[in-house]
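Chains, contacts and geometry: an overview
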Amino acid sequence: MSTFNYRGRDRAGKLVKGTIEGDSASAAASNLMATGVTPLEIRPASSAKPVAKGSTETSGGKGKDLELFAPKVQHADILIFTRQIHTLLKAGVPIMRALTGLQESNTNPAMKALLKDVKESLDAGRDLSLSFARHPKEFSTFYLSMIRVGEMTGRLEEIFIRLFHHMEFEKYMREQVQSALRYPSFVMMAMGVAMVVINIWVIPAFAGVFKGFGAELPLMTRILIGFSGFMVTWWPALILGGGALFIGMRSYVNTPAGRLWWDYTKMSVPIAGKIVRKATLARFARSFSLASRSGVPAVQAMTTVALTVDNEYMAQKISSIRHSVERGESILKSSMATGIFTPVVLQMIAVGEESGSLDEMMEEIAEMYQSEVEYELKTLSQQIEPIMIIMLGGMVLVLALGIFLPLWDMGKVAK
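First things first, this report covers the structure right here in the doc. All of these numbers come straight from a predicted model, not from anything done at the bench.

How each quantity is defined
- Residues numbered from 1 in each chain as written.
- Predicted model: local features only at pLDDT ≥ 70, side-chain atom pairs only at ≥ 80, totals over all residues.
- Heavy atoms only, no water.
- Buried < 20%, exposed > 50% of the residue type's maximum accessible area, 1.4 Å probe, protein only.
- Helix = DSSP H or I, 4+ residues; strand = E, 2+ residues; numbered from the N terminus.
- Pairing = 2+ DSSP bridges.
- Axes fitted to C-alpha atoms, helices over the stretch in contact; angles between N-to-C directions.
- Contact = heavy atoms within 4.5 Å.
- Salt bridge = Lys/Arg side-chain N within 4 Å of Asp/Glu carboxyl O.
- Core = buried A, V, L, I, M, F, W, Y, C linked by side-chain atoms within 4.5 Å.
- Phe/Tyr/Trp six-rings, centres within 6.5 Å; stacked < 30°, edge-to-face > 60°.

Moving on, we come to the pairing of strand β3 (residues 38–44). Burial of β3 is extensive: five of the seven residues sit out of reach of the surface. In this structure, strand β1 (residues 2–9) lies alongside β3, joined through six bridges in antiparallel fashion. What sits directly across from F4, in β3, is P44.

Take a look at the structure:
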């Protein structure tokens, strides 16, 4: 029996580390999976920490500089690899020969190095899932779990094509959500820049003119001039304060409580929030359907899917469903308690649970949410335009009243 150091994620998705004994790394991985821990890295306890891909052991900081500018494995590389390995396995090509061919034909040096490492790991007697687990940045926990299921069931070829379609769907949904948020973000940034320019350069010029009137200015004008003077005088403090606020928010969001708050806030934003919410639910339904069709038990599927939704708030809701199912409650009752599903979706879950075709119902739920997201994106500009027009109109009205009221009063005095 050998001792291995491991790093993985438990059923709640938390990162765990420790040591475990086993006849081989594959046996140690099997023992970990049996305890509900998905291994990300397993290595002999006496071995040194492996050198990062793309880096070289040099003195000083040269290795870090080389790693910083080295090519990296992109999501598209893993997507193409998943499709290609499925095609080769379907054609009857052995896994080692398939990996060799893909390594030789790949044009990304980082991907070539990854495939070489996977081959060497397989040569050392490790399973494919454990070989992939040596690269946690490139292969997600969900990807590794599905490969592990494919190895246990002998359906690797089918698992790879399902993973390919799943990753394509993930990529599409991510791009659509980013597209939905791009327009309102750009408009808000443009309005912010306009406010800065007006307060620093435009209003001070008018303030010099108004000062020569020798009369009391309207309230709106005094407010604008006061706010402009504050920005002109304290702009260094405002910049430093804004930078500190940004860094503080980033640091808070990186904490568990901050991530939970931010993920909930994203889904509460008017208009864009419901798109993010529906896209997240579509990702959950698609992932659960894929795991169920691949033979993963419902409880384990919930554990794995909670790590793929990329939203801590939704992950906690899914985990609550898993806990309820573990206590013997039905998936329908557990889903109703979360309050995140519409009545139509709950009816589909009830039908799927009663008929034993929950995976098919989840696939239909994913397609329904996807079609709703596509519709929301098509009508996004129509929903946002009235709000943007009102905001721009309000800004123009305030400026017009503050600047032109004194000029109007001056005209009346002149008459």
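Next, the rest of the story.
Taken together, the eight bridges between β1 and strand β2 (residues 15–22) define a ladder with antiparallel strand orientation. Note that in β2 the partner of T3 across the bridge is E21.

Glancing now at the sheet that holds β1. Taken together, three strands build an open sheet; the order of strands is β2-β1-β3 and the sheet is antiparallel. The sheet terminates laterally at β2 and β3, the two strands that pair on one side only. With direction set aside, neighbouring strand axes in the sheet form an average angle of 25 degrees. Lying over the sheet, helix α7 (residues 141–153) contacts β1 and β3, oriented at roughly 80 degrees with respect to β3.

The next subject is the environment of L346. As for its placement among the helices and strands, L346 is situated in helix α15 (residues 343–355). Since its relative accessible area comes to 14%, L346 is described here as buried. Measuring from C-alpha to C-alpha, the distance between L346 and K333 comes to 9.0 Å, with 13 residues separating the pair along the chain. Apart from residues no more than four positions distant in its own chain, L346 is found in contact with L332, S335, M336 and F341.

Bringing the pattern of salt bridges into the picture now. Per the stated rule, a full pass over the model turns up 13 salt bridges. In this structure, K171 engages E175 in a salt bridge whose closest nitrogen and oxygen atoms are separated by 2.8 Å. Here E175 and K171 lie together in helix α8 (residues 156–211), a separation of four residues that amounts to about one turn. What makes E175 partly exposed here is its relative accessible area of 40%. What emerges from the salt-bridge pattern is a single network uniting K274, K278, E372 and E376.

The nonpolar side chains of soluble globular proteins are, as a tendency, buried together. Core analysis: the largest hydrophobic core is formed by 89 residues, its most contacted members being F81, F132 and Y143. Sort the elements by how many residues they give to this core and α8 lands first, with eleven residues. By size, the runner-up hydrophobic cluster in this structure holds five residues, among which are I198, I203, L224 and M395.

With that out of the way, let us pick up the packing of aromatic side chains. For the structure shown, the criterion picks out nine aromatic pairs. Seen in terms of ring centroids, W261 and W262 are 6.2 Å apart; in terms of plane orientation they differ by 40 degrees. Their pairing is tilted. We classify W262 as partly exposed; its relative accessible area is 37%. Aromatic side chains F284 and F288 sit 6.2 Å apart centroid to centroid with 40 degrees between the ring planes, which places their arrangement in the tilted category.

The quantities given are spatial measurements derived from coordinates; they are silent on function.
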